[in-house]
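# Residue-level structural notes
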Amino acid sequence: MASFELAELLTSVIEGDFCLVPLPTIRKHIRERGFDHIKLLCKKTGFSFEEVLKRKNNTVQVGASGEQRQKQAKEAYSVNKVSDKKYLLVDDVWTTGSSMLAACEVMREAGTKNLAIAVIARSS
């Protein structure tokens, strides 16, 4: 499915005035693809988006155990300045939820009051 089709799907289910926040992709994967797929998806929705989250490390979650994912995710993100906007964190796949949950935690610690999540697919 092309990124614009995924953007249409995402847009069709978002209710409200959210500022989209892409979960940062590690640099290795951006180099391999030639683009940041989640950032591109957010751009194509037409909603405002901000790169509020920064990647602190480049650990690869693919192939890691659930325990490894949780440990890596807890140290993966930092937050730039947040405001009183309604933020919607966007990621492509929910495997164990470690990345998304860690991102939510640092967003809350940074003072975010209105936070929701959107994930395109779930891995089983």
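Look above for the structure.
Neither face of strand β1 (residues 19-22) is exposed, since C19 and V21 on one face and L20 and P22 on the opposite face are all buried. In terms of strand pairing, β1 meets strand β4 (residues 86-94) through four bridges, oriented parallel. Across the sheet, residue L20 finds its bridge partner in β4, namely L88.

Whenever strands of a sheet pair, they do so through backbone hydrogen bonds, lying parallel or antiparallel. With parallel pairing, three strands are arranged side by side in an open sheet as β1-β4-β5. Either end of the sheet is taken by a strand with one partner, and the two such strands are β1 and β5 (114-122). Direction aside, neighbouring strands of the sheet carry axes that sit 30° apart on average. Most of the contacts of helix α3 (residues 37-45) go to β4, to which it runs at about 130°, and overall it touches β1, β4 and β5.

Glancing now at the pattern of salt bridges. If you walk through the whole model with that rule in mind, you get three salt bridges. Salt-bridge contacts for E51 lead to K39; the nearest nitrogen and oxygen are separated by 3.2 Å. Of the two residues, E51 sits in the loop between α3 and β2 (53-55) while K39 sits in helix α3, which places them 12 residues apart along the sequence. Judged by relative accessible area, E51 falls into the partly exposed class, the value being 44%. When the shortest N-O distance is used, the salt bridge between E50 and K85 registers 2.1 Å. Of this pair, E50 sits in the loop between α3 and β2 while K85 sits in the loop between β3 (77-79) and β4, and the two are 35 residues apart along the sequence. Take E50: its relative accessible area is 23%, and that puts it in the partly exposed class.

Moving on, we get to the nonpolar core. Within the largest apolar cluster, 17 residues are counted, with the highest numbers of intra-cluster contacts made by L23, L53, Y77, Y87, L89 and M107. Broken down by secondary-structure element, the contributors of at least two residues to this core are β1, β4 and α5 (98-109). The element contributing the most residues to this core is α5, with six residues. If you look at the next biggest cluster of nonpolar residues, it comprises 13 residues, including L10, F18, L20 and C42.

Rules of the game
- Residues numbered from 1 in each chain as written.
- Predicted model: local features only at pLDDT ≥ 70, side-chain atom pairs only at ≥ 80, totals over all residues.
- Heavy atoms only, no water.
- Buried < 20%, exposed > 50% of the residue type's maximum accessible area, 1.4 Å probe, protein only.
- Helix = DSSP H or I, 4+ residues; strand = E, 2+ residues; numbered from the N terminus.
- Pairing = 2+ DSSP bridges.
- Axes fitted to C-alpha atoms, helices over the stretch in contact; angles between N-to-C directions.
- Contact = heavy atoms within 4.5 Å.
- Salt bridge = Lys/Arg side-chain N within 4 Å of Asp/Glu carboxyl O.
- Core = buried A, V, L, I, M, F, W, Y, C linked by side-chain atoms within 4.5 Å.

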